[in-house]
Amino acid sequence: MNEPNKSKFSFSHDALLNTYSQQEASGDLRKYIQAIDNFVNDENPQNRPESRQSDMSSTTFQQQQVQNERKQSLAPLVIHGEQGSGKTSLLVQWISHHKKLYKDKKTLLYYFVKSSPTEISYHKFIYQMIVRLRKEFDLKRRVDIVEERLRSHFSQVLDQCQSHVRGKGIVLIIDGIDQFVNNRSGKEEPPDWLPWTFPKRVKVIVTARTKSKAMKHFKMRSYTMVELMPLDREESTVAASKLIGKELSDDLGSKLLAYLEENHTISANPLMLQTLVKFIKNCEKPEEFLETEKDKEFQNFKSLVSCIIEHSSEKNPEILSILKVFCINLRGLSKTEVIQITGSHEESWDKFHVILGFIMVQHEDYYLINSMYLTPIKQLVFSGSKEITELHLRIINC
């Protein structure tokens, strides 16, 4: 069996936008949307670099020139929060809000780093943005694919766009900037490639996890930040009741609400809440799961996902084999290909698809693990690099 061509699975940024648009956000995001509006519409002077400068009367003429140039530039707005706090959902809501109010006033460009596990290099992001900007503003500048030159070209193209926007302005969104990975180390790529400031008419919004390297970098640059706080008890109860009422029967819903009363960490985190509700809806014995795990405290998203995977595969070990294959193949596999690689029964695939289908993304007949679930699952299912190598060889030989 040949590995599917990359084009067989095209989970684009628009596809991710559409996926999140169909999900209901937890909590009241209006104050965060207003903060983004203020930034985009120049209503927050704290974003301007010169607002953090010392008194110019004591500077040299050269320093004054530099500060005058910086007055024509703008620092990015940083939105941060814990994993699953709703950063992507917030941006999706704001994009929808923006399209209604500012459709003809701003050029909107967005990039969701987690839209594809195969595109997690910032070089690819810069290249794609330059190509899109050239097309949007009919720029004649050639795109140099040499990685070392892309960084400088990015700033130069943005400066060039400044003279073409004619009052419209550009809003550039980078969701999950802390998820760019260094190709050599496989670890998070610090955002030192991002320009310190951007042209006045180019507004840049980035999101990152609070404890990421990116956030340390942005704090050093003294950027303006907006933190998505966990839902309080009242907000989380309302959000949980609303979601459970839509997804579960009254009896099962009541049991899950009682369970969440003792596990506020889950209901306070939108992603953890949605994950648990979807699992309870589809697992074989939801009451048994709630009873077994009633005394367990889930501190984070990873611990919840680990518990769900362990519970799902305990009586269905072939589910674990299927997960391992999807953790290795990041371009999408069909049901037939997965069964052939793992040697599992079709019944196991059907159970996997019913119980854990919510962690998958589907395009036509091909499936891929949603990248937000990929890392915790990969850390759980593999015992070491040797097992990964052997599985790679099995996929190649099929």
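Just so you know, these numbers come straight off a predicted model, no measurement behind them.

Time to look at the overall build of the chain. Counting its secondary structure elements, the chain contains 18 helices and 10 strands. Considering the chain as a whole, with its 398 residues, one finds that 49% of them fall into the buried category. Look at the contacts in the chain between residues 6 or more apart in sequence, and 74% of them connect residues 24 or more apart. Split by element, the accessible area of the chain, about 20100 Å² in all, is 47% carbon and sulfur.

Let us look at helix H11 (residues 270-282). The terminal C-alpha atoms of H11, which comprises 13 residues, lie 19 Å apart, in line with the 18 Å expected from a rise of 1.5 Å per residue. Extensive coverage of H11 is indicated by the burial of 10 of its 13 residues. Within H11 the residues assigned to the buried category are Pro270, Leu271, Met272, Leu273, Gln274, Thr275, Leu276, Val277, Phe279 and Ile280. N-cap assignment for H11: the residue whose side-chain oxygen lies 3.1 Å from the backbone N of Leu271 is Asn269.

Moving on: the confidence of the model for the chain. Where the model shows low pLDDT, its predicted coordinates should not be examined in detail. Of the residues in the chain, 81% have a pLDDT of 70 or more, and the chain-wide mean is 81. Confidence scores differ between elements of the chain, with helix H3 (residues 61-70) showing the lowest mean pLDDT of 41 and strand S2 (residues 77-81) the highest of 96. Across residues 1-11, where pLDDT falls below 50, the model places 34 contacts with residues more than four positions away in sequence or in other chains. Overall, residues 45-72 carries pLDDT values under 50, and its contacts beyond four positions in sequence, including any with other chains, amount to 39 contacts.

What follows covers the sheet that holds strand S10 (residues 366-369). With respect to topology, three strands assemble into an open sheet ordered S8-S10-S9, the strand pairing being antiparallel. Since the sheet does not close on itself, it has two edges, and those belong to strand S8 (333-334) and strand S9 (360-363), each with one partner. As paired elements, S9 and S10 share four bridges and run antiparallel to each other. Each residue of the ladder has a partner; that of Gln362, found in S10, is Tyr367. On top of the sheet, helix H14 (residues 317-328) reaches S8, S9 and S10; it is set at about 85 degrees to S10, its chief contact.

The next point concerns the packing of helix H13 (residues 301-314) against helix H17 (residues 371-381). Interaxial distance between H13 and H17 falls to 9 Å at its minimum, and their mutual angle equals 60 degrees. Comparing the axis directions of H13 and H17 gives the class oblique. Relative to H17, H13 is oriented so that their crossing is right-handed. Two secondary-structure elements touch here, H13 through Phe301, Lys302, Val305, Ser306, Ile309 and Glu310 and H17 through Met372, Tyr373, Pro376, Ile377, Gln379, Leu380 and Val381. In terms of residue class, the contact of H13 with H17 is made up of nine nonpolar, two polar and two charged.

Attention shifts here to the nonpolar core. Generally speaking, a soluble globular protein has its nonpolar side chains buried in company with each other. In terms of nonpolar packing, the biggest core is built from 54 residues, with Leu256, Leu323, Phe326, Leu356 and Tyr373 touching the most fellow members. Setting aside chain neighbours within four positions, we find Phe326 in contact with Leu333, Val338, Trp349, Phe352, Met360, Tyr367, Leu368 and Ile369. Counting residues in each nonpolar core, the second largest holds 35 residues, with Val113, Ile130, Ile174 and Phe198 among its members.

Glancing now at a positive patch on the surface. A cluster of basic side chains, namely Lys187, Lys213, Lys216 and Lys219, defines a positive patch on the protein surface. Tracing the chain through its elements places Lys216 in helix H7 (residues 213-220). By relative accessible area, Lys216 is classed as exposed at 64%.

This part takes up the pattern of salt bridges. By the definition in use, this model includes 11 salt bridges. Residue Arg209 is joined to Asp178 by a salt bridge in which the shortest nitrogen-to-oxygen separation is 2.5 Å. Here Asp178 lies in the loop between strand S4 (170-175) and strand S5 (198-199) and Arg209 lies in strand S6 (residues 202-209), a separation of 31 residues in the sequence. Given the relative accessible area of 2%, Asp178 is considered buried. Lys335 is the salt-bridge partner of Glu346, the closest N and O atoms lying 2.8 Å from each other. Of this pair, Glu346 sits in helix H16 (residues 346-356) while Lys335 sits in helix H15 (residues 335-342), and the two are 11 residues apart along the sequence. Since its relative accessible area comes to 46%, Glu346 is described here as partly exposed. Through salt bridges that share partners, Glu284, Glu347 and Lys351 make up one connected network.

What counts as what
Residues numbered from 1 in each chain as written. Predicted model: local features only at pLDDT ≥ 70, side-chain atom pairs only at ≥ 80, totals over all residues. Heavy atoms only, no water. Helix = DSSP H or I, 4+ residues; strand = E, 2+ residues; numbered from the N terminus. Buried < 20%, exposed > 50% of the residue type's maximum accessible area, 1.4 Å probe, protein only. Contact = heavy atoms within 4.5 Å. Areas by Shrake-Rupley, 256 points an atom, 1.4 Å probe, with all protein chains shown as cover. Expected span 1.5 Å × (residues − 1). Polar contact = N/O pair within 3.5 Å; in protein donor to acceptor, adjacent residues only side chain to side chain. pLDDT = per-residue confidence, 0-100. Pairing = 2+ DSSP bridges. Axes fitted to C-alpha atoms, helices over the stretch in contact; angles between N-to-C directions. Parallel < 35°, antiparallel > 145°, perpendicular 65-115°, else oblique. Left-handed = near helix turned anticlockwise from the far one by under 90°. Nonpolar A, V, L, I, M, F, W, Y, C, P; charged D, E, K, R; others polar. Core = buried A, V, L, I, M, F, W, Y, C linked by side-chain atoms within 4.5 Å. Patch = residues over 30% accessible without salt bridge, like charges linked within 9 Å, V, L, I, M, F, W, Y side chains within 5 Å. Salt bridge = Lys/Arg side-chain N within 4 Å of Asp/Glu carboxyl O. Lys, Arg positive; Asp, Glu negative; His and termini not counted. Charge placed at Lys NZ, Arg CZ, Asp CG, Glu CD.

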